[in-house]
Amino acid sequence: MSLAGTILSEQHLLLPTYDRHKVLFEKGRGVYLWDSRGKRYLDFLSGIGVNALGHGHPAIQTVLKRQASRLIHVCNLFFHEYQAELARQLTRISGLDRAFFCNSGTEAWEGALKLARAYARTLGTNGHKPKWRILALENSFHGRTFGSLATTGQAKYRDPFGPMLPGVSFVEFNDVADLKRQFDGSVCAICLETIQGEGGIRPVSPEFLNTARTLSKRSGALLLLDEIQCGLGRTGRYFAYQHYGVQPDIVTVAKPLAAGLPLGAILTTKRVASAIHPGMHGSTFGGGPLVCAVAIEFLKVLDQSLDHISEVGDYFREKLEWLRARHKCVAEVRGMGLMLGMELNSADLAKLAVVEMLQRKILINRTNDTVLRFLPPYIIEKRHVDGVIRALDEVLFGVAKDHRTLNRKSIARSKN
Ligand SMILES: Cc1ncc(COP(=O)(O)O)c(C=O)c1O
């Protein structure tokens, strides 16, 4: 079906949840995608951090074909050969002890919140209510289901669906004093993204993360890190928390785990896992043989990719800083490895810049209104970065000029 036909059909058939760019993709290979008119695009978004090995990676294709022809799904009433092996790999790289598999980021986060509440009930109540309050961060994003929404510190996602799950309070991002003020013995979990993704690529400060770790450890509360966007190699280490030297009690991952197939995981300690018994939590699809076999292969490739991610990430960041020095409209560059954001001084400019990059056949997106977000596949090379920087340089000169002209026109109109 043509692009025009697809747009029309979707208007009549789908919930209007997405404001899509008018491009219909048909095929991908490496760092490139091709649309229905045969035009090639450089992918610097990788399906919002999912296609971390690019498109059609040969090792992934081989496992996918082999496993699809053997066994796709069995359900969790039976064993299959891959869940334990995948858990072994994930626990090895995270320093945690136990894994649970589900299908998406939000599901992993829901499970993590349930685990924190269940663990708090095992602590002994000493005549008081079990710990139950959850501290989350302003400007955070944890997903679209109710627990995740309730801990998401952005009113625009929560407000249309209230009332929310009770017991959640929001701490100002990186405000240590506010964290200390709001923390007490009733808190069962401190929850945060090590680097806020949808919140505009904002790394948590070492001081804030260390304080969260110290407070939670001292009182028996848990530290939950959402690494759904920033984990699994994105920052050049297996997990972003490994840059800080802080060990969490629970970590959630998803996006790149099965190289494009839906798979999420909760990772935790032996002690916390002991709060869960058969029947308390589960999933029909989660951790099937096909997705787990692919994820094992993804982690094998990742083992060989971390140095490359750090090297190209540092190079990319340097180049973005170079753009910041050249363009007044660039306020700040943030992030680590291949999770980078460039904040512009206006939301309109950022919106225009994404459209202009798309016209130049480069995929990026905008998050938190003003931030250009770059989540390229781990296989990009410096020459791809150079191409993106050249295009951004042109685009930023162009959009800033257009924006100034528009502003002058609207000031003139308002004076008349
Ligand atoms: C940090 C973080 N947590 C949770 C989610 C939700 O993941 P999913 O869309 O797979 O449910 C996202 C998605 O963008 C995310 O970035």
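I will try to describe carefully the structure that is included in this document. (Residues numbered from 1 in each chain as written. Predicted model: local features only at pLDDT ≥ 70, side-chain atom pairs only at ≥ 80, totals over all residues. Heavy atoms only, no water.)

**Overview of the overall build of the chain**
For the chain, the count of helices and strands is 14 helices and 17 strands. At 22 Å, the chain has a C-alpha radius of gyration in line with the 22 Å of a compact globule built from 416 residues. Taken along its principal axes, the extent of the C-alpha atoms in the chain is 70 × 55 × 45 Å. Taken over 416 residues, the chain has a buried fraction of 53%. The long-range share in the chain, meaning contacts at least 24 apart out of those at least 6 apart in sequence, stands at 71%. About 19,700 Å² of surface is accessible on the chain, with carbon and sulfur atoms providing 54% of the total. Where the 54 positive side-chain charges of the chain centre and where its 39 negative ones centre are 1 Å apart. (Helix = DSSP H or I, 4+ residues; strand = E, 2+ residues; numbered from the N terminus. Rg over C-alpha atoms; globule rule 2.2 N^0.38 Å. Buried < 20%, exposed > 50% of the residue type's maximum accessible area, 1.4 Å probe, protein only. Contact = heavy atoms within 4.5 Å. Areas by Shrake-Rupley, 256 points an atom, 1.4 Å probe, with all protein chains shown as cover. Lys, Arg positive; Asp, Glu negative; His and termini not counted. Charge placed at Lys NZ, Arg CZ, Asp CG, Glu CD.)

**Brief notes about the pairing of strand β6 (residues 168-171)**
Judged by which residues are buried, β6 turns out to be covered on both faces: Val168 and Phe170 on one side and Ser169 and Val171 on the other are all buried. Bridge analysis of strand β5 (residues 133-137) against β6 gives 4 bridges, and the strand direction is parallel. Note on β6: the bridge partner recorded for Ala136 is Phe170. (Pairing = 2+ DSSP bridges.)

**Brief notes about the nonpolar core**
Residues Leu90, Leu192, Phe316, Leu320, Met342 and Leu372 are the most contacted members of the largest nonpolar core, which totals 97 residues. With 10 residues, helix α11 (residues 289-303) is the single largest residue contributor to this core. Among residues more than four places away in sequence, those in contact with Leu372 are Leu340, Gly341, Met342, Leu344, Ala350, Ala353, Val354, Ile364, Asn365 and Leu392. Counting 24 residues, the second-largest nonpolar core is a separate cluster that includes Ala118, Ala136, Phe170 and Val272. (Core = buried A, V, L, I, M, F, W, Y, C linked by side-chain atoms within 4.5 Å.)

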